[in-house]
Amino acid sequence: MDTPRACPECGAAWQDGRTCQDDFHQMLFWEAEFPEYGIVHHLTVLCYHMQHPSLYSPETLAEGKRMLADFLAGTPPSEMRRRMRDRVDSGRRSWKVTGTEDAHGAYERPVRWTMTARDVVVAGADRYVESVRAWARSMYDALAASGNL
Ligand SMILES: [Zn+2]
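Just so it is clear, the structure is predicted and the values come from calculations on it, not from any experiment. (Residues numbered from 1 in each chain as written. Predicted model: local features only at pLDDT ≥ 70, side-chain atom pairs only at ≥ 80, totals over all residues.)

Undergrad: So what exactly am I meant to see when it comes to the packing of helix α2 (residues 41–51) against helix α6 (residues 128–145) here?
TA: Two quantities define a packed helix pair, namely the angle between the helix axes and the distance between the axes. For the pair α2 and α6, interaxial distance at closest approach is 10 Å and the crossing angle is 40°. Of the possible angle classes, the one that applies to α2 and α6 is oblique. Note on packing geometry: the crossing formed by α2 with α6 is left-handed. Two secondary-structure elements touch here, α2 through Leu 43, Thr 44, Cys 47, Met 50 and Gln 51 and α6 through Val 132, Arg 133, Trp 135, Ala 136 and Met 139. Residues of the contact of α2 with α6, tallied by class, amount to seven nonpolar, two polar and one charged. (Axes fitted to C-alpha atoms, helices over the stretch in contact; angles between N-to-C directions. Helix = DSSP H or I, 4+ residues; strand = E, 2+ residues; numbered from the N terminus. Parallel < 35°, antiparallel > 145°, perpendicular 65-115°, else oblique. Left-handed = near helix turned anticlockwise from the far one by under 90°. Contact = placed C-beta atoms within 7 Å. Nonpolar A, V, L, I, M, F, W, Y, C, P; charged D, E, K, R; others polar.)

Below you can see the structure in the form of structure tokens.
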């Protein structure tokens, strides 16, 4: 079977069989190669999963939207981890983090993403940090524009 030419989830064009997962791995590789790039690791992971919402459970996708907004508002990852821990410790989290075939995240309305993992990788390692920040911002704007927030 041929590999599809575009991602069924985020819509990015897949050239030469290169998938979004390959791009995600390239980003993680850059983060390992340049430890200072770890400053945007939380955004990279969140953005990649939110553009491929079937990887998340419905509850985690809803949580992800809040996290994206909070990160863009300047909440540091350490603060976010503390909040998540409080919630988990209080026993209120009764959902699964990852999506399954039967229960996974999906957007209520179609989203037209203006940036994808592909764009971050194409922009190159030198611009990685600013690209990931622009990616996160563009995603928030696309979710707002499509009425998914
Ligand atoms: Zn994709």
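Undergrad: Even after reading the chapter, I still don't get the nonpolar core, so can you show me in this structure?
TA: Of all hydrophobic cores here, the largest spans 26 residues; its most connected members are Leu 43, Cys 47, Leu 68, Val 132, Trp 135, Ala 136 and Met 139. At the level of elements, α1 (20–33), α2, α3 (58–72), α5 (117–123) and α6 are the ones that each hand at least two residues to this core. Contacts of Ala 136, omitting those with residues within four sequence positions, involve Leu 43, Cys 47, Leu 68, Phe 71 and Leu 72. (Core = buried A, V, L, I, M, F, W, Y, C linked by C-beta atoms within 7 Å. Buried ≥ 20, exposed ≤ 12 C-beta atoms within 10 Å, placed from the backbone.)

Undergrad: Help me out: how do you make sense of unusual backbone geometry in this one?
TA: One non-glycine residue, Asp 16, lies in positive phi territory at about 55°. Residue placement: Asp 16 occurs in the segment before α1. Asp 16 sits in the exposed class, given 6 other C-beta atoms within 10 Å.

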